[in-house]
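So the chains spell out like this:
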Amino acid sequence: QVQLVESGGGLVQPGGSLRLSCAASGSIFRINSMGWYHQAPGKQRELVAGITSGGYTNYADSVKGRFTISRDNAKNTVYLQMNSLKPEDTAVYYCKARIRSLITRNDDDYWGQGTQVTVSS
């Protein structure tokens, strides 16, 4: 079994910062790409930022210059540093990882449970 556990969400004022973390654990052979998605009420889940195993990153246009994704391969953890937060960033944030498990030896996508980020004064 593979699990992803997120942390770091909360309530912050506009212009503030938050750092999200997502740790993978379980029967992991290899972690390939990792990423963060968000889903606002009534909207579809969409990609915020992604990072490959080699460290290549990509971002949604709406967060470029404000958010930074990084990963610590030794800890099987991906981070999302969010600066200059805006009310429109309010959403549930989910991490996703493409992982090859020790059991199946298949590359499958795994999701975290989600963490709420609310930007409001």
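For the structure itself, look to the data block above.
Residues numbered from 1 in each chain as written. Predicted model: local features only at pLDDT ≥ 70, side-chain atom pairs only at ≥ 80, totals over all residues. Heavy atoms only, no water.

Trainee: Could you clarify how one ought to interpret the overall build of the protein chain in this entry?
Mentor: A count of helices and strands for the protein chain gives 0 helices and 11 strands. The helix and strand sequence of the protein chain, counted from the amino end, reads β-β-β-β-β-β-β-β-β-β-β. A globule of 121 residues ought to have a C-alpha radius of gyration of about 14 Å, and the protein chain, at 14 Å, matches this closely. Across its three principal axes, the protein chain shows a C-alpha extent of roughly 45 × 25 × 25 Å. Out of the 121 residues belonging to the protein chain, those deemed buried represent 40%. Restricting to contacts in the protein chain with at least 6 residues of sequence separation, those with at least 24 account for 55%. By element, 46% of the accessible surface of the protein chain is carried by carbon and sulfur atoms, the whole surface being about 6,400 Å². When the 13 basic and 9 acidic side-chain charges of the protein chain are each reduced to a single mean position, those positions are 4 Å apart. (Helix = DSSP H or I, 4+ residues; strand = E, 2+ residues; numbered from the N terminus. Rg over C-alpha atoms; globule rule 2.2 N^0.38 Å. Buried < 20%, exposed > 50% of the residue type's maximum accessible area, 1.4 Å probe, protein only. Contact = heavy atoms within 4.5 Å. Areas by Shrake-Rupley, 256 points an atom, 1.4 Å probe, with all protein chains shown as cover. Lys, Arg positive; Asp, Glu negative; His and termini not counted. Charge placed at Lys NZ, Arg CZ, Asp CG, Glu CD.)

Trainee: Explain the state of the cysteines here, please?
Mentor: A covalent bond between the sulfur atoms of two cysteines is what we call a disulfide. Evaluated as defined, the whole model comprises 1 disulfide. In this model cysteine 22 forms its disulfide with cysteine 95; the gap between the sulfur atoms is 1.9 Å. Between cysteine 22 and cysteine 95 the sulfur-sulfur dihedral comes to about 40 degrees; the bridge is accordingly right-handed. Remark: cysteine 95 occurs in strand 9 (residues 91-101) and cysteine 22 occurs in strand 3 (residues 18-26); sequence separation between them is 73 residues. Overall, cysteine 95 belongs to the buried group, its relative accessible area being 0%. (Disulfide = S-S within 2.5 Å.)

Trainee: Which parts of the structure should I look at to understand the pattern of salt bridges?
Mentor: The tally for this structure, following the rule as stated, stands at 5 salt bridges. Measuring nitrogen to oxygen at the nearest pair gives 3.1 Å for the salt bridge that ties aspartate 61 to lysine 64. Given a relative accessible area of 64%, aspartate 61 falls into the exposed group. For lysine 64, a relative accessible area of 48% gives the class partly exposed. Each of Lys96, Arg98 and Asp109 takes part in one network of salt bridges that share partners. (Salt bridge = Lys/Arg side-chain N within 4 Å of Asp/Glu carboxyl O.)

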